[in-house]
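# Structural overview for review
Here is what each chain is made of, one letter per residue.
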Amino acid sequence: MMDSVGNIFRIPELRKRVLFMLGMLFVFRVGTHVPTPGINTHVMEMLISSQAGGFLGFLDVFSGGALRQFTIFSLGIMPYISASIILQLLTSVVPALEALSKEGDAGRKKITQYTRFLTVAICIFQSTAVTFWLKTVVVGGAKLVPAYGMGFVITTVLTLTGGTIFLMWLGEQMTEHGIGNGMSLIIMAGIVSNIPAQIGRTIALMQAGTTSLLSAIIFLIVMIALTALAVVSQQSFRKIPVQYAQRIVGRKIYRGQSTNLPLKIDYSGVIAVIFSSSVMIIPSMVAKLMERPGQSNTFQAILTFINTNFSVGHPLYVICYVALIVFFCYFYTAITFNPNDVAENMKKYGGFVPGIRPGQPTADYINNILTHITLGGSAMIVVIAVIPDIMSRWLEVGSYFGGTTLLIMVGVAIDLVQQMESHLLMRHYEGFMKTGHIRGRRG
């Protein structure tokens, strides 16, 4: 392993890409400490700390801790991720976008341009909503925004939107000139950067007697097991044997050959968890925005019910969360993998599944297998996503380490190592593993 890491810096191109990636991540971490004007950062930090398991804590995780200090990167890269997912979903249902995606490099560039425009629109909407919400926040008698006015609104909207656009550019530069997916690496860097602080917080809780050493050890063991399960869920697939008949093309004869059609047990990856988490924070977010002094007892009781039952770890929250994860796993698989197209392409090139007639019967066979293995894949994702929340609520430790962050770190790490290994093997160096090779999430 150490020899493989050393080989990274022996290859000039790979060394240049790795150093460029590290330099851009350093710029990102510097930006997370540049505050937005007009904000009482101490009040904001107390607010985030009081809602570590709520929607503000969720947003703070993906901003790399920037929301806690309300810096220029407070919105993080999530607006771009949301825009990318929306465009990806629309590509499967809008014929014009689907045709554009099949035009090769020119079509992909056009879709990327649409993604950028949609990112700007999302940023403007989110930053505007945030500025109006900031006006209502008071913690311990201190206002979050001491001097609220139109100047503050304009400055905040421009600052937050500009920060996300800069992160978008930074991620694209990392993807092009660095190694790995730049957007994913920015999210992972933000998550990893907060781990030391969370470990220190856990140690402080143990010293204060709030939690025990046994609870921390149990939580650590569970997280290691879930990490292994996350690797399995993103690397496992079902092989369907495919036989190609002998073909005659011109004056050449192509012999029949046997191959496999790999079907991933979970095509959604972390997307299903991100979508589900985003949906589940909406009720609490709306309830908090609607809280006003002097409301009727009935309306206040409704808001209290929503805040209580839709908090992380509550039974109703867990049930809804599980249902949404399973739904989005199937939904994303349905729009990204079309068994009919696969069966048609196999038939076109003389391929068939042994014992299954080509055409529609093959499509039905593939769809049936995909339905069953997706259930198993979604069950793994549910376990990974739900167990950390339940454990943190039960053991009162690790509220920061959720299933979403775990899946992101595992997926990004696998992709990064796989790309580095490809560079090493291409130049006749050994990979990171003595036997076999690492498959990327798309492999």
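Our subject in this report is the structure included herewith. Small disclaimer: the values here were computed from a predicted structure and weren't measured.

Enumeration over the complete set of coordinates arrives at four salt bridges. Across the salt bridge formed by arginine 17 and glutamate 13, the nearest N and O atoms sit 3.6 Å from each other. With a gap of four residues between them, arginine 17 and glutamate 13 both fall in helix 2 (residues 12-31), about one helical turn apart. You can call arginine 17 partly exposed: its relative accessible area is 23%.

In this sheet, strand 6 (residues 257-264) lies alongside strand 3 (residues 237-244) in antiparallel orientation, the contact comprising eight bridges. Paired with phenylalanine 237 across the bridge in strand 6 is lysine 264. By the bridge criterion, two bridges tie strand 3 to strand 7 (residues 351-352) in an arrangement that is antiparallel. By the bridge assignment, glutamine 243 is partnered in strand 7 with phenylalanine 352.

Glancing now at the packing of aromatic side chains. Under the definition given, this model contains eight aromatic pairs. Seen in terms of ring centroids, tyrosine 317 and tyrosine 321 are 5.6 Å apart; in terms of plane orientation they differ by 40 degrees. Their pairing is tilted. Remark: tyrosine 321 and tyrosine 317 occur in helix 15 (residues 315-336); sequence separation between them is four residues, near one turn of the helix. There is no split in this pair, since tyrosine 317 and tyrosine 321 are both buried. By way of ring pairs, the aromatic residues Phe28, Phe73, Phe166 and Trp169 are connected into one cluster.

Turning our eyes to something else, we now look at a nonpolar patch on the surface. A cluster of nonpolar side chains, Phe26, Val27, Val30, Val34, Phe166 and Trp169, forms an exposed patch at the surface whose accessible area comes to about 530 Å². Element by element, the count of residues in the nonpolar patch is highest for helix 2, at three residues. Here phenylalanine 26 is to be found in helix 2.

Rules used throughout
Residues numbered from 1 in each chain as written. Predicted model: local features only at pLDDT ≥ 70, side-chain atom pairs only at ≥ 80, totals over all residues. Heavy atoms only, no water. Salt bridge = Lys/Arg side-chain N within 4 Å of Asp/Glu carboxyl O. Helix = DSSP H or I, 4+ residues; strand = E, 2+ residues; numbered from the N terminus. Buried < 20%, exposed > 50% of the residue type's maximum accessible area, 1.4 Å probe, protein only. Pairing = 2+ DSSP bridges. Phe/Tyr/Trp six-rings, centres within 6.5 Å; stacked < 30°, edge-to-face > 60°. Patch = residues over 30% accessible without salt bridge, like charges linked within 9 Å, V, L, I, M, F, W, Y side chains within 5 Å. Areas by Shrake-Rupley, 256 points an atom, 1.4 Å probe, with all protein chains shown as cover.

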